Amino acid sequence: MLQKEKVLIVEDERDIADLMMLHLKREGCEVEVVDNGEEALQLIARNPYSLLVLDWMLPGISGLDLCKKLRADKLISVGTCILMVTARAQAADIVLGLEVGADDYLTKPFDISVFLARVRALFRRSQQSSLSTDEKRIQMGELVIDCDSHEVKCGKANADLTPSEFKLLYALMKNRGRVLTRDRLIELVQGEGVSVIDRAIDTHIFGLRKKLGDYGSLIETIRGVGYRVAATL
């Protein structure tokens, strides 16, 4: 149950908005609904929401532009999750939605059970991130990445990673539960002694999975978009 989580739904199709609101309230959420971006901005300025559910095609400011503004102008806290729910289902649209700041992207029509599963996953990731006080050391089960020692342990064994593989794993584990596009991974991984271009990411991911052994399956491929590490084991 998502007790007392505050959710704002920005959706101009009333039937869809009512369906999402009904099921979120059954889960214990406090839910508000508006049908345009301008009104959403006013509510967001006055209320600390845990989750924003944004449609792309809205009257006035689009959900995409709203998401971009909220992230770029820091109008919401880092811990606020954004789920984009839209009929725009092309891979380029999904990539764009994630790039401007959405944490996840669900296409219409959707099954309400899938919608709720996505919401729960976002809250789990957000809660885990807020509990993490040392970003230099991240652990999932027996998989541990330590930036100070530049070591990755899989159980009792060390994984011998290249600089690119190490940075990729750190980026994915730090953002666990969130889909990272190839372009975003390039931004996060590029640095001194590391040069990564476009589809080379796929090659690095292949090598990383192999070196992680059984833990390689934690890295999920989101076809046409990028990669994600599961929020939980």
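Residues numbered from 1 in each chain as written. Predicted model: local features only at pLDDT ≥ 70, side-chain atom pairs only at ≥ 80, totals over all residues. Heavy atoms only, no water.

The next subject is the environment of Ala 200. Along the chain, the position of Ala 200 falls in helix 8 (residues 200-212). Relative accessible area serves as the criterion here: at 25%, Ala 200 is assigned to the partly exposed category. Ala 200 sits 14 residues away from Ile 186 along the chain, and the two C-alpha atoms are 9.5 Å apart. (Helix = DSSP H or I, 4+ residues; strand = E, 2+ residues; numbered from the N terminus. Buried < 20%, exposed > 50% of the residue type's maximum accessible area, 1.4 Å probe, protein only.)

Relative to each other, helix 6 (residues 163-174) and helix 7 (residues 182-189) sit at 115°, their axes nearing to 9 Å. Crossing of helix 6 against helix 7: the hand is right-handed. Contacts from Ser 164, Lys 167, Leu 168, Ala 171 and Leu 172 in helix 6 reach Leu 185, Leu 188 and Val 189 in helix 7. Of the residues contributing to the contact of helix 6 with helix 7, the split by class is 6 nonpolar, 1 polar and 1 charged. (Axes fitted to C-alpha atoms, helices over the stretch in contact; angles between N-to-C directions. Left-handed = near helix turned anticlockwise from the far one by under 90°. Contact = heavy atoms within 4.5 Å. Nonpolar A, V, L, I, M, F, W, Y, C, P; charged D, E, K, R; others polar.)

This part is about unusual backbone geometry. In the segment running from Lys 108 into Pro 109, the intervening peptide bond is cis, with an omega of -5°. Mapped onto the elements of the fold, Pro 109 is located in the loop between strand 5 (104-107) and helix 5 (112-131). In this structure, His 150 takes a positive phi of about 55° despite not being glycine. Relative to the helices and strands, His 150 resides in the loop between strand 7 (143-146) and strand 8 (151-154).

Time to look at the sheet that holds strand 4 (residues 81-86). Across the sheet, which stays open at both edges, the 5 strands sit in the order 2-1-3-4-5 with parallel pairing between neighbours. Edge positions in the sheet fall to strand 2 (30-34) and strand 5, since each has one partner strand and no second. Taken over all neighbouring pairs, the strand axes of this sheet differ in orientation by 20° on average, direction set aside. Helix-sheet contacts for helix 1 (residues 14-26) involve strand 1 (6-10), strand 2 and strand 3 (51-54), and the interaxial angle to strand 2 is about 170°. Seen against the sheet, helix 3 (residues 63-72) touches strand 1, strand 3 and strand 4 and runs at an angle of roughly 170° to strand 4. (Pairing = 2+ DSSP bridges.)

Turning our eyes to something else, we now look at the side chain of Glu 27. Tracing the backbone shows Glu 27 in the loop between helix 1 and strand 2. On the basis of relative accessibility, which here comes to 12%, the residue Glu 27 falls in the buried class. A distance of 2.9 Å separates polar atoms of two side chains, one belonging to Glu 27 and the other to Arg 120. (Polar contact = N/O pair within 3.5 Å; in protein donor to acceptor, adjacent residues only side chain to side chain.)

Applying the stated criterion to the full structure yields 13 salt bridges. Here Arg 118 ties to Asp 104 by a salt bridge, and the two come within 3.4 Å at their closest N and O atoms. You can see Arg 118 sitting in helix 5 and its partner Asp 104 sitting in strand 5, a full 14 residues away along the chain. Taking relative accessible area as the criterion, Asp 104 reaches 7% and is therefore assigned buried. When salt bridges that share partners are traced, they join Glu 11, Glu 13, Asp 55 and Lys 108 into one network. (Salt bridge = Lys/Arg side-chain N within 4 Å of Asp/Glu carboxyl O.)

Pairing is antiparallel in the open sheet, where 4 strands are placed in the order 6-7-8-9. Here the strands that pair on one side only, and so sit at the sheet edges, are strand 6 (137-140) and strand 9 (157-158). Judged from the 2 bridges that link them, strand 8 and strand 9 form a sheet pairing that is antiparallel. Paired with Cys 154 across the strands is Ala 157, a residue of strand 9. Here helix 6 sits on the sheet and contacts strand 6, strand 7 and strand 8; the angle it forms with strand 7, its principal contact strand, is near 110°.

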